[in-house]
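Structural overview for review
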Amino acid sequence: MKTDEEIQKHVMEELKWQPSIRSTEIGVAVKNGVVTLTGLVDTYLEKKIAEKAAFKVEGVKAVAEDIEINIGFNHKKTDSEIAQAALDALKWNVMVPEDKIKVRVENGWLTTEGMVEWAYEQHAVRDAMATITGIKGVSNLVKISPKVNPEDVKKKILAAFERSATIDANNIHIENIGSKVTLTGIVRSYAERRDAESAAWNAPGVTMVENNLNVELTGLQV
């Protein structure tokens, strides 16, 4: 089991491994496996990349992300420019049904709304918006309206777990009420926790995943 000092060192190394962010401007603190990121970055995308980098490190249980965005002169955009860029991003993304998504921008904060059939479409909207230059943040209010039988959800998620090389299906309990899925149990790493949640989201008809999986690094075989 890694100590907090080891996790801190590895998170800092992972941040340095990301060419798109300046790791020297990001502070890393760790307590009981919980990583806190602080500092200043130029773009919202850098902020999200730093967060994802921290989650890649073995032993990380959670990430508290306190990074602030200081938009430099070269990245400053008007709300109109941001809105147009967001519409263009949706138009050129084959994963996104652009005709179902509405965009609004206020003081650099970008909000998306609409209705889609699949979770991957909702996530594609979120990821596309993260790349827009000049934004201070993103509120993805796109909702999922499934067109499948909720009774098949649990069966499909369990099958996905059993196919996965990184997920131990025996230690995870799946409960679904309609289109909402709740995961409970024990996993060996944050990566397994993340993969289980991702697999649940990929099931047709899922509109919400409540991930209550606990990460235990001792007593389990990796």
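Computed from a predicted model, the values in this text were never measured in an experiment. (Residues numbered from 1 in each chain as written. Predicted model: local features only at pLDDT ≥ 70, side-chain atom pairs only at ≥ 80, totals over all residues. Heavy atoms only, no water.)

Concerning the side chain of Gln-18
Note on placement: Gln-18 falls in the loop between helix H1 (4-16) and strand S1 (26-31). With relative accessibility at 13%, the residue Gln-18 sits in the buried group. Ignoring any residue separated from it by four or fewer positions in sequence, one finds Gln-18 in contact with Ile-49, Ala-53 and Lys-56. (Helix = DSSP H or I, 4+ residues; strand = E, 2+ residues; numbered from the N terminus. Buried < 20%, exposed > 50% of the residue type's maximum accessible area, 1.4 Å probe, protein only. Contact = heavy atoms within 4.5 Å.)

Some details on the environment of Val-215
Here Val-215 lies in strand S9 (residues 208-215). Between the C-alpha atom of Val-215 and that of Leu-40, which follows or precedes it by 175 residues, the distance is 30 Å. Apart from the residues lying within four places of it in its own chain, the contact partners of Val-215 are Lys-61, Val-187, Arg-188, Ser-189, Tyr-190 and Arg-193.

Looking at the sheet that holds strand S3 (residues 62-69)
Reading across the sheet, the three strands line up as S1-S2-S3 and stay open at both edges, with mixed pairing between neighbours. Every interior strand has two partners, whereas the edge strands, S1 and S3, have only one. Each adjacent strand pair in this sheet contributes to an overall mean axis angle of 10°, direction not counted. As paired elements, S1 and strand S2 (residues 34-41) share six bridges and run antiparallel to each other. Bridged to Ile-26 within S2 is Gly-39. Contacts from H1 reach S1 and S2 within the one sheet, and its direction differs from that of S1 by about 155°. Most of the contacts of helix H2 (residues 44-55) go to S3, to which it runs at about 160°, and overall it touches S1, S2 and S3. (Pairing = 2+ DSSP bridges. Axes fitted to C-alpha atoms, helices over the stretch in contact; angles between N-to-C directions.)

Considering the nonpolar core
Counting residues in each nonpolar core, the largest one holds 41 residues, and the members touching the most others are Met-129, Ile-157, Phe-161 and Leu-183. Here the element with the most residues in this core is helix H4 (residues 119-130); it accounts for six residues. Residues contacting Phe-161, with those up to four places away along its chain left out, are Ile-167, Ala-169, Ile-172, Ile-174, Leu-183, Ala-196 and Ala-199. By size, the runner-up hydrophobic cluster in this structure holds 20 residues, among which are Ile-7, Val-11, Ile-26 and Val-63. (Core = buried A, V, L, I, M, F, W, Y, C linked by side-chain atoms within 4.5 Å.)

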